[in-house]
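Fold and geometry: a report
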Amino acid sequence: MRFQTWLRPAGLMSCSVLAVSASWAQQLDDEIILSKEESHTGSHGSEALLADTVNSNKKNIVFILTDDQDSVLDSVAYMPLLNKHIIQKGTSFVNHFTTTAICCPSRVSLWTGKQPHNTNVTDVSPPYGGFPKFVSQGLNENYLPVWLQEAGYNTFYTGKLFNAHTIWNYDSPYPAGWTGTNFLVDPGTYSYLNPIFQRNQEPPVHHQNEHTSDLIAKYARELLTEAIENEKPFFLTIAPVAPHSNIDVNRGNGAPFMTTPIPLERHSHLFEGVKVPRSDNFNPDSPSSVSWIHNLPQLNDSAVSYIDEFYRARLQALQGVDEIIEQVITKLEAADLLDNTYIIYSSDNGYHLGQHRLPPGKECGFDEDIRVPLFVRGPGVDAQAVEDIVTTHIDLAPTILKLAGIESRPDFDGTPIPIRSDQADFARHEHVAVEYWGIAIAEGDVGGFDGKGQRVARSNTYKGLRIVHEDYNLYYSVWCNNEHELYDLKTDPGQLHNLVDEREWVAESDSTLLANSSITQVLHRLDALMMVLKSCQGKVCIESWGVLHPQGDVKSLKDALDSKFDGFYEKQVKVEYGRCEDGYIVDAEGPQVGFEYREGLEWHHWT
């Protein structure tokens, strides 16, 4: 690990933010019961009681999970309490990625430790995703809180769990594995001022003119109190909706419309004049990428101004989350539990705002969308440290089990992150498998993707491969129309210059990319690795080069670039799609298996 200097503080805005945060609790009322059925109180889900001596050695875990929070666009720099209580007291994992840049599939992967192609939850609503798909795939009995309860933990959750978890299906079945809950449910999940919450096994409650962040804070405080008083090790997740777009379903005719996030009134004056960082890829003069993104028009001045306003609203909305962080720290400290508790902070996916000419949104494979915050503090975790190993959301469930002292599971696609400073250094994988199926949505009010109201872009199905190493920094993707992208982020951090020439599926200019290897040689290796990752299961998702080289002599892209493998990779089966689909349908995904390298054999032996 190296100690951090890169995380710039929130600067001059800190004093005003902290002043606003000093006193903010308020009485909450005006609750409307949505059902007249008798409510059921108490915890649900049976627990195995462990001996007190065993439980006393277990650590508590608090997981704070935001919604659509970017890592690339500096949102963290505007959260002074996050910086004070978690970043400065813990370790920042700066190469952390989601495996899919959309809410529900990302969260399912996080809770199960599996790639989206293995959960087959690939969208936010049926038939390909949402809470009903999570249940139908058998995952409600086989995810993190269930395993923690089996090991003697009490488990608590407040906030957004999954999309399509609604006032109509909240009890069909109840989410398993939780001791106490207060979930946000649709259609009120994304309504900042009129949210709907559903507590334990009680009917949902529609709150009128009450801000979701204050309610989350209240319910987090109640659940944390319950957790502390039970005197068992606990796992608490706090999942605010901020800084996700606001969605009110009662806007009149038509589909729900995503609008600017609504901050708490006490934060609405903050960050005057702050703008989206003007990186090279912000509203570029020339189009970039492939497929529908390449055809986007440049944003006009009014659209850019709106995007800056949208950005400020996101930063303001995150101040409610910042206050929750301090509330949690204060309560744990008062209970003398802070030093015995791990606190993890992350987001389900990232977000773009004007990069590549895109209106506000996610669902793309660019770093803005797939790179997300990950900060951890707790016993044995280095303070003010920065770790640059590659980590992903499918590593979080294995990591939490390890922190809880629970044996890992053989079907995990991820692997535990070395959180503690006393964990021995070991070689980790350098790759992230990125997957997406379906559509992209233009959020906000900038005229959609075309400036004329197009809010949906179809055929946004693709596979991506992100590789980070001290010698190289690459992103490779294959789209369902069989277009390709390859970016060298060492020289092109904005991912503006595609190195693939589609006419011949070779490098646009076959100059040297890595050491003595040409771009085409690199391209063939990346495609072969993607072929393994697109259908990997278990440890194959981590030890992927071993499938191509079972002798065990290749463990990284650098190893695979040995010139003796050139012929093998040039003739390897290539990743391609049969057609574009909105979900994971195997017969649309093209070839599933490549070839193994066998030294001394000619190509006809492989085929």
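The rules behind the values
Residues numbered from 1 in each chain as written. Predicted model: local features only at pLDDT ≥ 70, side-chain atom pairs only at ≥ 80, totals over all residues. Heavy atoms only, no water. Helix = DSSP H or I, 4+ residues; strand = E, 2+ residues; numbered from the N terminus. Buried < 20%, exposed > 50% of the residue type's maximum accessible area, 1.4 Å probe, protein only. Contact = heavy atoms within 4.5 Å. Areas by Shrake-Rupley, 256 points an atom, 1.4 Å probe, with all protein chains shown as cover. Disulfide = S-S within 2.5 Å. pLDDT = per-residue confidence, 0-100. 1 Å grid on protein atoms, 1.4 Å probe; cavity = no way out; pocket = protein on both sides within 12 Å on 5 of 7 lines; lining within 4 Å. Points joined across faces, edges and corners; volume = space filled by probe spheres on them. Nonpolar A, V, L, I, M, F, W, Y, C, P; charged D, E, K, R; others polar. Pairing = 2+ DSSP bridges. Axes fitted to C-alpha atoms, helices over the stretch in contact; angles between N-to-C directions. Phe/Tyr/Trp six-rings, centres within 6.5 Å; stacked < 30°, edge-to-face > 60°. Patch = residues over 30% accessible without salt bridge, like charges linked within 9 Å, V, L, I, M, F, W, Y side chains within 5 Å. Salt bridge = Lys/Arg side-chain N within 4 Å of Asp/Glu carboxyl O. Lys, Arg positive; Asp, Glu negative; His and termini not counted. Charge placed at Lys NZ, Arg CZ, Asp CG, Glu CD.

A word on the overall build of the chain
Along its length, the chain carries 16 helices and 24 strands. By the burial criterion, 62% of the 607 residues in the chain qualify as buried. Taking as baseline every contact in the chain between residues at least 6 positions apart, the subset at least 24 positions apart corresponds to 70%. Only carbon and sulfur atoms are counted for the fraction: they give 48% of the accessible area of the chain, which is about 23,000 Å².

Topic: the state of the cysteines
Note: disulfide means a covalent bond formed between the sulfur atoms of two cysteine side chains. With the rule as written, the count across this model stands at 2 disulfides. Each disulfide pairs two cysteine sulfurs, and for Cys480 the partner residue is Cys580, the sulfurs being separated by 2.0 Å. Here Cys480 and Cys580 share a disulfide; its torsion about the S-S bond, 90°, makes the bridge right-handed. Here the residue Cys480 occupies a position in the loop between strand S19 (472-479) and strand S20 (484-488), and Cys580 occupies one in the loop between helix H15 (566-570) and helix H16 (603-606), the gap between them amounting to 100 residues. Residue Cys580 is classed as partly exposed on the basis of its relative accessible area of 32%. The disulfide bridge from Cys536 ends at Cys541, spanning 2.1 Å between sulfur atoms. Its torsion about the S-S bond being 100°, the disulfide of Cys536 and Cys541 is classed as right-handed.

Concerning the confidence of the model for the chain
Mean pLDDT for the chain: 89, with 86% of residues reaching 70 or above. pLDDT under 50 marks residues 35-54. Its contacts with residues more than four places away, or in other chains, come to 32 contacts.

Some details on the layout of surface pockets
One number sums up the size of the largest pocket: a volume of about 820 Å³. Around the largest pocket, the lining is made up of 32 residues, and of these Val124, Ile247, Pro256, Met258 and Ile441 lie nearest the centre. Looking at the lining of the largest pocket residue by residue, the classes come out as 18 nonpolar, 6 polar and 8 charged. Its boundaries defined by the atoms lining it, the second largest pocket holds a volume of some 680 Å³. In terms of lining, the second largest pocket is formed by 23 residues, of which the most central are Ala427, Arg428, His429, Glu430 and Lys555. Going through the elements one at a time, strand S14 (385-392), strand S18 (462-469) and helix H13 (545-548) are the ones with two or more residues in the lining of the second largest pocket. A total of 3 residues in the lining of the second largest pocket trace back to one element, the largest contributor, which is S14.

Re the sheet that holds strand S15 (residues 431-436)
Strand pairing in a sheet takes place through backbone hydrogen bonds and is either antiparallel or parallel in direction. Pairing within the open sheet is antiparallel, and its 4 strands lie in the order S15-S18-S19-S20. Two strands bound the open sheet, and with one partner strand each, they are S15 and S20. This sheet shows a mean twist of 10° between the axes of neighbouring strands, independent of strand direction. Relative to S18, S15 runs antiparallel, the two being bridged by 6 bridges. Within the sheet, the bridge partner assigned to Val434 lies in S18 and is Gly464. Here helix H12 (residues 519-533) sits on the sheet in contact with S15, S18, S19 and S20, set at roughly 65° to S19.

Brief notes about empty space enclosed by the protein
If you walk through the whole model with that rule in mind, you get 4 cavities of 30 Å³ or more. Volume-wise, the largest cavity comes out at about 70 Å³. Forming the walls of the largest cavity are Thr99, Gln115, Thr392, Ile394, Asp395, His429, His431, Val432, Ala433, Leu533, Cys541 and Ile542. Broken down by element, the residue count for the lining of the largest cavity peaks at 3 residues, all from S15. Counted by class, the lining of the largest cavity contains 6 nonpolar, 5 polar and 1 charged residues.

Some thoughts on the packing of aromatic side chains
In total, this model carries 25 aromatic pairs according to the counting rule given. Here Phe134 and Phe162 contribute two aromatic rings whose centre-to-centre distance is 4.6 Å and whose plane-to-plane angle is 45°, an arrangement assigned as tilted. Of this pair, Phe134 sits in helix H6 (residues 130-136) while Phe162 sits in the loop between strand S5 (154-160) and strand S6 (180-184), and the two are 28 residues apart along the sequence. An aromatic cluster of three or more residues is present, and its members are Phe63, Trp111, Tyr157, Trp178, Phe183 and Phe235.

A closer look at a negative patch on the surface
A cluster of like negative charges, contributed by Asp553, Asp559, Asp562 and Glu599, occupies part of the molecular surface. Positionally, Glu599 belongs in the loop between H15 and H16. Classification of Glu599 as exposed rests on a relative accessible area of 55%.

Side note on the pairing of S20
Taken across its 5 residues, S20 has 5 buried, putting it largely inside the fold. Neither face of S20 is left uncovered, since the one carrying His484, Leu486 and Asp488 and the one carrying Glu485 and Tyr487 both have all their residues buried. Sheet analysis places S19 next to S20, joined by 5 bridges and oriented antiparallel. Paired with Tyr476 across the strands is Leu486, a residue of S20.

Side note on helix H3 (residues 80-87)
With 7 of its 8 residues buried, H3 lies for the most part within the structure. All buried positions along H3 are accounted for by Pro80, Leu81, Leu82, Asn83, His85, Ile86 and Ile87.

Side note on unusual backbone geometry
That bond from Ser172 to Pro173 is cis: its omega, -5°, falls within 30 degrees of zero. Inspection of the secondary structure puts Pro173 in the loop between S5 and S6. The phi dihedral of Asn283 falls on the positive side, at around 45°, and the residue is not glycine. Within the secondary structure layout, Asn283 lies in the loop between strand S11 (257-259) and helix H9 (301-334).

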